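Take a look at the letters that make up each chain.
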Amino acid sequence: MNTFRRIEQAPDNVTALVRVDFNVPMQDGKITDDTRLRAALPTIKALQSKRCKIVLLAHFDRPKGKVVPEMSLMPVADPLSKLLGSPVAFAGDCVSDAAKGAIDALPAGGVILLENTRFHAGEEKNDPELAKQMAALGQIYVNDAFSAAHRAHASTEGIAHILPAYAGKQMERELDHLDAALGNPKRPVLGIVGGAKVSTKLDLLQNLIGKLDKLAIGGGMANTFLYAQGVEIGGSLAEKDMADTARQIMEAAKGKCELLLPLDVVVAKEVKPHAEARMCGLDEIQPDEKILDVGERTIRYLREAMKHSHTVIWNGPLGVFEMPPFDQGTVLAAQEAAELAKSGKLIAVAGGGDTVAALNHAGVASDFSFISTAGGAFLEWMEGKALPGVEALRT
Ligand code: ADP
Ligand code: MG
């Protein structure tokens, strides 16, 4: 059940400690992509309209429990203030009297960013003492960092057991969409899983076959499945030692979840952009060829499967999308999903580092119902694991 406390249920006029994800890409002290700052604005504004004081907690990079000046969050305060349109104060520690004094001095609706939580060794150890010291700075806790929710750290988990804890707007959006895709989906639900290897997505595949109506497997990992079925895959990337595992997955899926493996493929002798390529059936792959994408028949089949589904959840590109023409399978499938989602016929949800890059490359990311940018947390959620930062917000 997707039940957790939301900001609407939080009291007004209190000091809210808000865990955000400000682990932004930075070069020479300048933020090169402010997506994560923008993502925090709805929560900050919602709390401002409740006349709360807003105290932002975040980590940056990996200082490993020590103060590393280059990993200060200070350069984030100004850009955030510009995006928000109101001042953002900064305190040089996420605990201590200095932080307390600065928070006391804030007006109602005022915002302050505290220094990198990972400057304290207790953060990643989920030290109850550090959680207590942070909790002492406010009256409620709001977690808006889904992307950090797979880690039980003092500022993502420990503190939620001390103060009344709520999901921020970004967290709420993420949880509601993920629940609509896998927790409690409108059926039939189709999964599309691609990417390089079976070994990195074993837990994910095992969880999905128990939850989905159909699962399409593409990318390098499909090669391992094809190999396990006796297909001659030439020089394709495959984990031959995982053949037994692949067979076990196919066996376990029987009667529960229909597996769609590639029907045809695009092969080339070299893995490089614009390499000479050809499309062929599964019985025509030569020993010196590599499978680098799914073929046209597979795409047609996949499109049909999408048309007959109400929900699609996608992780992993179907081919080596970084190198044209091997991006075609992923691009065409993404376009179909986006079109169906745009016309309201399909709930299309996707996530994963390379998947997001591939959907952006296809130019359709904005037409998807939801795209998770959470990386590790998204994958753990797809694996069916409980995320400690989310569990602590459950009612
Ligand atoms: P994500 O980051 O979205 O979870 P992955 O990291 O699992 O996705 O997979 C992405 C990688 O899989 C890409 O670098 C892509 O080139 C690779 N890949 C996809 N298909 C193949 C293939 N047929 N052979 C080799 N690599 C592949
Ligand atoms: Mg990846």
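**Student:** Help me understand the domain arrangement of the protein in this model?
**Tutor:** Interfaces are often sized by the accessible area lost when the parts come together. Under the domain assignment, the protein is made up of domain 1 (7-171) and domain 2 (185-382). On a C-alpha basis, the centroid separation for the pair domain 1 and domain 2 is 37 Å. Taken together, the contact between domain 1 and domain 2 spans four residues of the former and eight residues of the latter. Taking both sides of the interface into account, the surface hidden between domain 1 and domain 2 amounts to around 440 Å²; carbon and sulfur atoms contribute 66%. On the domain 1 side of the contact with domain 2, Phe146, Ser147 and His150 bury the most area, a combined 84% of that side's loss. For the interface between domain 1 and domain 2, the tally reads zero salt bridges. At the junction of domain 1 with domain 2, the criterion picks out zero residue pairs in polar contact (both at pLDDT 80 or more). Of the residues belonging to the side of domain 1 that touches domain 2, the class tally is one nonpolar, two polar and one charged.

**Student:** What am I meant to see in the site of ligand 1 here?
**Tutor:** In the vicinity of ligand 1, 17 residues are found, and the nearest of them are Gly195, Lys201, Glu322, Asp354 and Thr355. Between Asp354 and ligand 1, the recorded distance is 2.8 Å, taken from a backbone N or O atom to an oxygen atom. Here an oxygen atom of ligand 1 sits 2.4 Å away from a polar atom, N or O, in the side chain of Thr355. The fraction of the free accessible surface of ligand 1 (580 Å²) that becomes covered by protein chains is 83%. Mapped by element, the contributors of at least two residues to the shell around ligand 1 are α7 (219-228), β14 (290-294) and α11 (353-362). It is α11 that provides the largest number of residues to the shell around ligand 1, a total of three residues.

**Student:** Help me understand the nonpolar core in this model?
**Tutor:** Judged by nonpolar contacts, the single largest core of 73 residues is most densely connected at Leu114, Phe146, Leu205, Leu215, Phe225, Ile313 and Trp381. The next biggest cluster of nonpolar side chains, apart from the first, holds 33 residues, and it includes Ile44, Cys52, Ala58 and Val68.

**Student:** What's the story with α11 in this structure? I'm lost.
**Tutor:** Three or four residues apart is the spacing at which side chains of an α-helix point the same way, because the helix has 3.6 residues per turn. Within α11, the full set of buried residues consists of Thr355, Val356, Ala358, Leu359 and Ala362. The arc that holds every buried residue of α11, seen down its axis, measures 160°, which confines them to one face. Residues of α11 that are buried in the fold lie against β15 (311-315), α10 (328-342), β16 (347-351) and β17 (370-372). Backbone geometry just downstream of α11 places Gly363 in the positive-phi region, at approximately 75°.

The rules behind these values
- Residues numbered from 1 in each chain as written.
- Chains lettered and ligands numbered in written order.
- Predicted model: local features only at pLDDT ≥ 70, side-chain atom pairs only at ≥ 80, totals over all residues.
- Heavy atoms only, no water.
- Domains from an automatic or database assignment.
- Contact = heavy atoms within 4.5 Å.
- Buried area = accessible area lost by both parts, 1.4 Å probe.
- Salt bridge = Lys/Arg side-chain N within 4 Å of Asp/Glu carboxyl O.
- Polar contact = N/O pair within 3.5 Å; in protein donor to acceptor, adjacent residues only side chain to side chain.
- Nonpolar A, V, L, I, M, F, W, Y, C, P; charged D, E, K, R; others polar.
- Near = heavy atom within 4 Å.
- Areas by Shrake-Rupley, 256 points an atom, 1.4 Å probe, with all protein chains shown as cover.
- Helix = DSSP H or I, 4+ residues; strand = E, 2+ residues; numbered from the N terminus.
- Core = buried A, V, L, I, M, F, W, Y, C linked by side-chain atoms within 4.5 Å.
- Buried < 20%, exposed > 50% of the residue type's maximum accessible area, 1.4 Å probe, protein only.
- Arc of directions from axis to C-beta.

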